[in-house]
Amino acid sequence: MDEGETTGTQGITLHDFSDKLGDLRVHFHVMRLFGGFFLWVGSSASLSSLAVAMCSRYDSIPVATCILGDTSDTTASSFAQRLAKKTKKQVFVSYNLPNTDGNLALLVENRIKQEMETFPEKFLYPKEFYVPFDISALGVLEAGGRQLEADSGPVRVLMAVVDPE
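Treat the numbers as computed from the prediction; the structure is a model and nothing was measured.

S.K.: Would you take a moment to explain the overall build of the protein chain for this structure?
M.R.: On a plain count of helices and strands, the protein chain comes out with two helices and eleven strands. Helices and strands in the protein chain line up, N terminus first, as β-β-β-β-β-β-α-β-α-β-β-β-β. Counting over 165 residues, the protein chain shows a buried share of 35%. Looking at the protein chain alone, contacts between residues at least 24 apart form 50% of all its contacts between residues at least 6 apart. Total accessible area computed for the protein chain in this model is approximately 10,100 Å², and 54% of it derives from carbon and sulfur atoms.

S.K.: For this particular structure, what's the right way to read the packing of aromatic side chains?
M.R.: Any two aromatic rings considered together are summarised by their centre-to-centre distance and by the angle between their planes. Evaluation of the coordinates by the stated rule reveals three aromatic pairs. Aromatic pair Phe-37 and Phe-123: ring centres 5.4 Å apart, planes at 85°, arrangement edge-to-face. With Phe-37 in strand E4 (residues 36-42) and Phe-123 in the loop between helix H2 (102-118) and strand E8 (133-134), the pair connects residues that are 86 residues apart, well separated along the chain. Exposure class is identical for Phe-37 and Phe-123. Each is buried. When the ring of Phe-79 is compared with that of Tyr-95, the centres are 5.2 Å apart and the planes differ by 55°; the resulting orientation is tilted. Placement of Phe-79 in helix H1 (residues 75-87) and of Tyr-95 in strand E7 (residues 90-96) is noted, with a sequence separation of 16 residues between them. The same class applies to Phe-79 as to Tyr-95, namely buried.

S.K.: Looking at this model, I keep getting lost on the pattern of salt bridges. Mind explaining?
M.R.: Throughout the structure, instances matching the rule amount to four salt bridges. In this structure, the salt-bridge partner of Arg-82 is Glu-109, at a minimum N-O distance of 2.8 Å. Of this pair, Arg-82 sits in helix H1 while Glu-109 sits in helix H2, and the two are 27 residues apart along the sequence. The partner of Glu-115 in a salt bridge is Arg-111, with the nearest N and O atoms 2.7 Å apart. A residue pair is termed a helical-turn pair when its members lie 3 or 4 positions apart in one helix, as Glu-115 and Arg-111 do in helix H2 at four residues. Arg-111 gets classed as buried once you look at its relative accessible area, which sits at 10%. One connected set of salt bridges, linked through shared partners, spans Asp-19, Arg-111 and Glu-115.

S.K.: How should I be thinking about the pairing of strand E6 (residues 59-68) in this particular structure?
M.R.: When a strand is regular, its side chains alternate between the sheet's two faces. In terms of strand pairing, strand E5 (residues 50-56) meets E6 through six bridges, oriented antiparallel. In the strand pairing of E6, Met-54 is matched with Val-63. Connecting E5 to the antiparallel partner E6 that follows it, the hairpin turn spans two residues.

Here is what the cut-offs are and how they apply
- Residues numbered from 1 in each chain as written.
- Predicted model: local features only at pLDDT ≥ 70, side-chain atom pairs only at ≥ 80, totals over all residues.
- Heavy atoms only, no water.
- Helix = DSSP H or I, 4+ residues; strand = E, 2+ residues; numbered from the N terminus.
- Buried < 20%, exposed > 50% of the residue type's maximum accessible area, 1.4 Å probe, protein only.
- Contact = heavy atoms within 4.5 Å.
- Areas by Shrake-Rupley, 256 points an atom, 1.4 Å probe, with all protein chains shown as cover.
- Phe/Tyr/Trp six-rings, centres within 6.5 Å; stacked < 30°, edge-to-face > 60°.
- Salt bridge = Lys/Arg side-chain N within 4 Å of Asp/Glu carboxyl O.
- Pairing = 2+ DSSP bridges.

Purely geometric stuff here, so don't read any function into it on its own.
This is the structure:
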């Protein structure tokens with residue numbers, strides 16, 4: 001599988017890469033989402049596990065849970081938790097490799113970190129997509145087809161998506 005990227009109509013960007021880690025050819029699939037990303041890791045087409053993690057204002061360690069698969073296998077949850085801590089975003093991880101070799105998980109994690117450092121825009125939206133602004137000067141703001149009104153003092157909107165097109 002070669003490196004590739006496509007953009008969907010909803011702003012989801014896809015990024016694929018693969019590498020030989022130990023004796024195994026490992027494939028990676030990243031779906032960049034607004035507010036986070038989905039990462040699939042495997043050697044063949046399967047979805048045997050899925051975990052999600054996100055940061056919480058109540059704890060410095062991101063909360064993580066297994067959505068699909070064996071709950072006693074914490075590999076996907078651990079990856080999601082570490083990636084959420086690193087990126088401060090919501091992260092979904094599907095880890096579909098055998099857990100027979102402890103070094104393989106370390107090699108996979110290092111390969112993901114390498115790809116994130118080389119191509120950060122493949123995992124997260126650039127910072128210019130997150131624009132803080134105050135709607136008290138605007139009076140009314142359209143958000144998701146609804147109007148938000150600033151009638152009782154300043155209302156602070158933390159993030160907004162700016163459509164570059």
